[in-house]
Structures are given as C-alpha cells and as structure tokens.
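Per-entry structural report
Given next are the chains, with one letter for each unit.
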Amino acid sequence: MKDAAPTTAPETFYLKDYKPFGFEVEAVELTFKLAPNSTRVLSKIRFAPKENAADPRFFLHGEALKLISAKIDGAPVTPELIAGGLICDTPDTPFTWEAEVEIDPAANTALEGLYMSSGMYCTQCEAEGFRKITYYPDRPDVMSTFSVRIEGNEKVLLSNGNPTGSGDGWAEWHDPWPKPAYLFALVAGDLVNHPDSFTTRSGKDVELNIWVRPGDEGKCAFGMEALKKSMKWDEDVYGREYDLDIFNIVAVDDFNMGAMENKGLNIFNSSCVLASPETSTDANFERIEAIIAHEYFHNWTGNRITCRDWFQLCLKEGLTVFRDAQFTADMRSEPVKRIEDVIALRARQFPEDNGPLAHPPRPEQFQEINNFYTATVYEKGAEVIGMLKRLVGDENYAAALDLYFDRHDGQACTIEDWLKVFEDATGRDLSQFKLWYSQAGTPRVQVSEDYADGRYTLTFEQSTPPTPGQHDKAPRVIPIAVGLLSPNGGEVRATEVLELTEAKQSFTFDGIAAKPVPSILREFSAPVILERETTNAERAFLLAHDTDPFNRWEAGNALATETRVSMVTEGAAPDGAYLDALEKLVRDDTLDPAFRALVLSPPSQSEIAQSLHDRGVTPDPQKIYDAAETFAQTLAQQLETSLPRLYAATTVDGPYQPDAHGAGLRALNGRILSLLTRLDGGEQAARQYQAADNMTQQYAALASLMKAENGESQSQAFFDQWQSDRLVMDKWFALQVACAAPDAAAGVASDLTGHALFDMKNPNRFRAVMGALAGNHAGFHHVSGAGYQLLAKNLIALDSLNPQTTARMCAAFQTWKRYDSARQALIRVELERILATEGLSRDTHEMVSRILQG
Ligand SMILES: [Zn+2]
C-alpha cells in the first residue's frame, strides 16, 4: 500500500481553493469482514445533494482499494475510477450509496488506514487514512453519524461510540455524535483490558477500559489514573463533560504517531500508555500523563468541534496542546512545565521556523498534509493561544471559550471562527494578532533601555527574518511580560504585560529611585528571540535574584550559552562566575529539585550551534562537543567535595512513586551522578545500577556508565534482563547511539541496524536508532559524512515501507545550511540521492525538496 510514485512534481493543495462538499452525509453504515489479506468493507451511506453547491461533482476519495461492487438506491452502477478516488452520476434527490471493497491490512506497512500490528487489526485515519478503507468524502468538514458492524474471530472487536450488540464472531457499535472520517477507528484482537469507571459531574457513569496484549495488564494503572484525572480536570477547568457511555484506549506497538483521539476509542502508541516503575522512567510517566490528557481533551477541542480543512490543523492541535500544558502545570509544577516546554520549543520549533521548512501555524499550501504535523502547528500553535490568553486576561479567555463551545459545537471550523469568539467576547480587534497564524518565522525583539531622573524607559524593536515564500513582514502584537528589580535584589515593579504592536515602541516607568535591572519576557510570554546587550554580571544577578522562576532559569541558560560560545570561539576557560553561581544553586535546598536539575542541564549542542550561527560563526560540531565535555569536567571538579553529600541528599528513599516531587529529586540526583561519574570513573553509578529497583535510576546509572565508556557489562546485563520488553529495548538501542563518541556514533548505529531485534517496520525501533543518531550532534555531523550517509541509506530503505515516518525524519537535515561548505556538500549529496530514488513517496519528495530549496 505504498503511495504512488510521483512521476512529475506532486499536486499542491491551497487554502484559497477551499470549496465545501456538494452533498450532506446523513448517515454511514459500515460492515467489516476481517481477513488479514482480504478484508471486505461494505458501506451504505445516505447522501443528500446540497442546493447551489459550489462543486456539485460526486467525488469520493479512495486509495489502494479494490472495488467489488457499487450501487445507488439498490441498482448497480459503474463509477469512473480516477486518480485518488471515483466519480459517479447521481440523482438530484437524496440517495443511498452502497459499495463493497477489498483491502489488504497485512500488507499495509505505511500504518495508515486499516493495518495489522502483531496480529491485531487497528486503524489510523488522521489525516487521510480513511480513503484507504473505503470510498468516502474523506475531508474533515464532512461530518456524519457512524454505525459499524465487525465480523471477525478475534476476542475483542471495537469501534467508536457505544456498543449496540455482539455475539459469537461479531460486534456492532453506534456513534451518535456526527464526526469526520478521520476520527473513525476499529480495533480487533485478542486483547485483555484494565477496566475502571468514572462518574461525570451530572452523574452519568462511564465505563473505562485500557486494552492491551496479554502480559501488559500490569502496565495500565498509571494511564487509567491519568485518564480519570483528565476527565475531572476538563469538567472543573473548562466545564466539559464526557458524552458517551464508554471510553476505550488501545495500546498498539506499530504506530506512526504518539496517539490518536478517535471518538470514544483512542489508539495509542504503546510507548505512550504502558507504564510501570520497573520499565518506565519518570520522563515516560510525565509524558504518558500528558498524552492521555491531550487525546482525551480532543473530545471537545477536535472532535465535537473539528477543523474545516487540514490547513486549520492548529485550531485543534494548538488549543489541545495548550490545554494539556495547563493540565500538566496543575498536576505538577507550573514553572518547571513552562521551562520544559520552552526547551522543547527551542529544540524543535525554532530550527523549523528559521530554516527551509518554516511555515505559518496555519499553512496556506501543502502537497502531503502528513508533513504538517509539525512543532509549528502544535507547539507554536499553543504558544499563540497562550499569548491570546495573556492579552485578554483569564476571565475573558474563559468567556471566549464558553462562547466557542456554545456557538460551534458539532461544526467544522476555521481560525477565523476561533478569533471571532474572542472578538465577540471581549470587543477587541484581533486583526493584527491574526498575523501570528499567517506569518512564519520567529520574531527578533531588540531591547534597549534608558534611565534618567527616576524615569526608566524600555524600547523594543521587532523584525522577522524572511522565510520561504514570505519576505516583508508586518509587525505583530507581542505581549512582553516585564518586571523590574532593584540593584540590591528586591522587586520594584511586579510583572506587567507590555503590548508591543509597532515595529519600534517605547514604554516608560516613572518613580524608579535607582536604575533597575529589568526582567524581560517573564514566563516566556511570547515565542520570540530576545536580543539585548547585557553583561554576564547582570545575568548572574538575575540567576540569583529574579522573582520569576522562568527568567531565573533563562539567565542561567544564557550564561551557559555565553560561556560555551567563548570556549568554542576564543578557547576560553569555563566562566568562573557562572560555575560559582551554579554551585550555589545546586546546594540551595530551598529550591525545587526539578528546577535545580533544569539549571544544571546544559543547553543542547545543537542549540549552541544555532547560537554560533546567529553570531555569524560557522559552528564546528567537534569543538562544541569538546567544550561541553570540558565544561562538565570543570563543573564536576569544582563541586568535587560536595558531590557525594549532594548525591546522598537527593537519593529518594522508600518505594518508587512517579509523583512530581520524587521525579524532581531523581532528575537532580541523575545530574549529580553524571558529574560524580566523571570523577570516580563510575563506582557510584555501578552501585546504583546494582541496587536500582526502578527504571529511572537503572537507566540514569547505565547512561552515566556508558558515557564514561565503562558500562559494557551493565549494558549486556540490561539487554539480558529486558530483551523481551519492546519498550525497554527501544531505550537500550537509543542509548547505545546517544552515548557513542562522535567518531563512533555512525558505526554504532550501523551495527545496530543489523541487530536481530532491529525492525525497520516498527517506527519506535527505527526512531530509537536513527533518531538517536540525528540527536548525537557531533556524531551525526562528523566530518567523515558517515552519519549523513547512514541516515540517508536507511531513509531510502524505509520510504518504500513507511513514507510518513521517513518524511518526518528527513527534518534531521533541516539545519544543514548552518554548517561549513564541506559538510553542506556532503549533505547535499545525500539529499539528492534520496530525491533521485525511484518510486520515492510524495511525503518524502516534498520534505527533501523543501529542505534543498529553502
Ligand atoms: Zn492532538
């Protein structure tokens, strides 16, 4: 079921070309007769022509389908099969369309539509997978109720909505809520469940299940608790109640994404739902809690109110990411969550926004929509909503959301509909704010200051560099949260939000007794790059005194970047003042351990490369790696006498609990262990590995040992212990590559692709090895080009099996123009090699072309 090879450039779709479908779909009935290589799908769909339709043509999408028969109102018809679907003559009055098709789930390695994973049937229909199941108007603005009958020998047969009947070898489901086809789901397999229940605030009992393969039952309890917390939170915070009698989650091993919010039947990558203390790290637990919440929250923001077309994807994703971040902040620590999100934004979205793949949160064109499930649509989409909330205030935000749910329930909407509820609820004109949805690129904001006679002035200048297809950009509305500190550390002005709307704009503060130290962009109030001439002394002051935890961390992060940059460019020694400040912070027991762990975590080597590039210096990945090593070694030596005490003080006693406090302590403990290992060669890490009763500590010890090239026996022991656990083995594979020295990384990754447990068809395993290679900055960018060659070779091999995952992983090359001409030449050869591959998928073709052209 590979996508057809583009013989010429693939077709491009444009937002401006939107036309509604010419027919209402009144009801859909589907029957599935399951067989691995020859599943029959019978559809019976009631269509009604719309009056004055802009496009009266009866076109149904369909791909990789064998049409057995078609009827209209019971009479056989012969539709014309055309590219991407079929067309057919139809009556002028409502009619019933019936079709029978045959599909081959077992051969479907693209994992879109109906496919098989370890012997179970499952589906993935977002964005355009339903057209691989049957002929249908597969577009999000076509919403209908679905009734489904499944015939198969599997013990468990599931679909959307409520169960309406079952017997030996069959089950029937009915979903009363109209939905687009991308939310359709079907699962059939010999599964077992972890059951529970939830009573909604209006007193309705909902049956809850997490369905897994036998043997995984013990890994469901945490996910189930997360689900119940999410259901309660959405009632309490957004007033949203669940709307079916049953909510099912299914864990699947082979899955392209993290999880999918199909109505009443969420399908999860098993890595995003299965958890146990022995096999999952704290980071896994936090991510599982967040993804369960995310998919559940889609029930209202995505399912009840969906997107009119795929250009509006950020309408559901940006809002739902924003909601899941609020949830995590409420369940855990608000500042820590904010810092983690900004780290992720800078690691994933900023490179995208400042490179050849830059696009606005609402793109205006695409060839393959699967290529737009991006950090820009998701994470920047969420940042835009955070800014909106900050600009209108919490009460107005709540009122606007209530209006959104009231006005648009059951509809397929646009960004215009979304902004209109805010305009109507607040009376505010959002036309300038809307630029955030149409302009690509990260705005730069330059700040200068002036102080005289008790008056302090901040002047901001904004500009956004050109991005593909967008050159001159108008100023945006940028909310900048600012607080002022007195030179001796107290706060002289609490946080206030300045609204930057012009290219250059000044704001004054009167009655300021002494020149203050400004704390700008508190809580990272806008996704921009702040440029300000300042000193390391002032950064150290903010690191010690800022009352805003985000900016406190930010000051430390800036100091870390500055010292790394001067080590690389001038061969300087690590900055002593910064080392002293770090030492003080790490010993400060009054500070949240999770926060201290974040302050101790260095900026990534890729970020340092970007920082050098921004300063006009061509980054040398090996030098950046060496600077990181030198800095960590120097820090370890500076802390030498206190490390054993700190290690002991941050060791969590008692049985493992995946709560925020314990996770924070273990994160700090892990950072300290990695420093300690630089001094003791791994003695403490080996003891911790031996004693660990949970994956967080076992993994931290193993990572420290492997980084010190002293973990061979533990790595083997880890493999022996966990070789039958797929998810833990993904960690093992990734760690081999992540810990490899720059000149060894490509070789290690190459050897792993020949390992008996390496499986190209499993996206998690492929990402574990190739994702870790791309993430090993100095290894991937090794001057030999071996990293580039290996990734390209594997992407070419994967493309014929799974275009979606291949295309996404091409983004590893998106920053190529940062590097020297020799590396650029090596990468160009690989990109051109991929592009020249015979039968290359539309997905990969689009991604590689954009990277090359940008
Ligand atoms: Zn989502």
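Residues numbered from 1 in each chain as written. Predicted model: local features only at pLDDT ≥ 70, side-chain atom pairs only at ≥ 80, totals over all residues. Heavy atoms only, no water.

Note the following rule: UniProt positions are given in the numbering used here, feature names are shortened, and annotations may be inferred rather than shown by experiment.
An unreviewed UniProt entry annotates the chain as Aminopeptidase N originating from Phaeobacter piscinae. Annotation of the chain in UniProt includes, under Sequence similarities (unreviewed entry), the sentence "Belongs to the peptidase M1 family." Comment text from UniProt for the chain, heading Catalytic activity (unreviewed entry), reads "Release of an N-terminal amino acid, Xaa-|-Yaa- from a peptide, amide or arylamide. Xaa is preferably Ala, but may be most amino acids including Pro (slow action). When a terminal hydrophobic residue is followed by a prolyl residue, the two may be released as an intact Xaa-Pro dipeptide."

Regarding helix 26 (residues 821–835)
For the record, the criterion: Helix and strand definitions follow DSSP, with helices as H or I runs of at least four residues and strands as E runs of at least two, each counted in order from the N terminus. The span expected for a helix works out to 1.5 Å for each residue beyond the first. Think of it in three bands: with a 1.4 Å probe and only protein chains considered, a residue is buried below 20% of the maximum accessible area for its type, exposed above 50%, and partly exposed in between. What the arc describes is the spread of directions from the helix axis to the C-beta atoms. By definition in these notes, contact holds between two residues if any of their heavy atoms fall within 4.5 Å. Identification of polar contacts relies on pairs of N or O atoms within 3.5 Å, with a donor-acceptor requirement for protein atoms, meaning one able to donate a hydrogen and the other able to accept it, and with residues adjacent in sequence counted only if both atoms are side-chain atoms.
Between its first and last C-alpha, helix 26 extends 21 Å over 15 residues, near the 21 Å set by a 1.5 Å rise per residue. When helix 26 is considered as a whole, its buried residues turn out to be R823, I827, E830, L831 and I834. The buried residues of helix 26 occupy an angular sector of 100 degrees when the element is viewed end-on, so they sit on one face. Here the buried face of helix 26 lies against helix 14 (621–638), helix 24 (786–799) and helix 27 (842–853). Between the side-chain oxygen at the start of helix 26 and the backbone nitrogen of A822 there is a gap of 3.2 Å, and the oxygen is on D820.

Considerations on unusual backbone geometry
Residue A127 is bonded to the preceding E126 through a cis peptide linkage, with omega at 0 degrees. In this fold, A127 is placed in the loop between strand 11 (120–124) and strand 12 (144–151). Despite not being glycine, D73 has its phi angle at roughly 50 degrees, a positive value. Along the polypeptide, D73 turns up in the loop between strand 5 (66–72) and strand 6 (75–76).

Some points on the coordination of the zinc ion
For clarity, the cut-off: For Na, K and Ca the donor cutoff is 3.2 Å, while for all other metals N, O and S atoms must lie within 2.8 Å; water is not among the atoms, so some sites may look incomplete. Geometry is assigned from donor-metal-donor angles: four donors are tetrahedral when every angle falls between 85 and 135 degrees, four are square planar and six octahedral when opposite donors sit over 155 degrees apart with all other angles between 65 and 115, and any other arrangement is irregular.
In the first shell of the zinc ion, the protein supplies H294 (NE2), H298 (NE2), E317 (OE) and E317 (OE), at 2.0 to 2.7 Å from the metal. Around the zinc ion, the four donor atoms sit at angles spanning 53 to 154 degrees, and that spread fits a shape best called irregular. Read N to C, the donor residues that coordinate the zinc ion are spaced as H-x3-H-x18-E. Here E317 lies in helix 3 (residues 313–331) and H298 lies in the loop between helix 2 (282–297) and strand 22 (306–307), a separation of 19 residues in the sequence. Here H298 falls in the buried class, since its relative accessible area comes to 0%. Owing to a relative accessible area of 1%, E317 belongs among the buried residues under this scheme.

Section: the pairing of strand 28 (residues 491–500)
The following threshold applies: Strand pairing requires that DSSP identify at least two bridges connecting the strands.
The sheet contact formed by strand 27 (residues 478–485) and strand 28 spans seven bridges and is antiparallel. Counterpart to I478 in the pairing with strand 28 is L500. Hairpin connection of strand 27 to strand 28: five residues between the antiparallel strands, including G489 at a positive phi of 110 degrees.

Side note on the sheet that holds strand 8 (residues 85–87)
Note the following rule: Lines fitted to C-alpha atoms define the axes, with helix axes restricted to the stretch in contact, and inter-axis angles between N-to-C directions lie between 0 and 180 degrees.
The strand order 4-8-7 describes an open sheet built from three strands, whose pairing is antiparallel. Strands at the two margins of the open sheet, each flanked by one partner only, are strand 4 (59–61) and strand 7 (80–82). Here the average twist between neighbouring strands, direction ignored, is 25 degrees.

A look at the side chain of S230
Looking at the secondary structure, you find S230 in helix 1 (residues 221–238). Once you skip the residues sitting within four places of it in the chain, S230 turns out to touch I292, A293, Y296, F297 and F327.

Re the nonpolar core
Basically, it comes down to this: The definition of a nonpolar core used throughout is a set of buried Ala, Val, Leu, Ile, Met, Phe, Trp, Tyr and Cys residues joined through side-chain atoms within 4.5 Å.
W97, W418 and F433 are the most contacted members of the largest nonpolar core, which totals 256 residues. Per-element tally for this core: the top contributor is helix 5 (residues 375–392), with nine residues. With residues up to four places along the chain from it excluded, the contact list for F433 reads V384, M387, L388, L391, L419 and V477.

Re the pattern of salt bridges
What counts, and what does not: Salt bridges are identified by distance alone: a Lys or Arg side-chain nitrogen within 4 Å of an Asp or Glu carboxyl oxygen.
Tallying each qualifying case throughout the model produces 62 salt bridges. Between R149 and E151 there is a salt bridge, with the nearest N and O atoms lying 2.7 Å from each other. Each of R40, K66, E100 and E102 takes part in one network of salt bridges that share partners.

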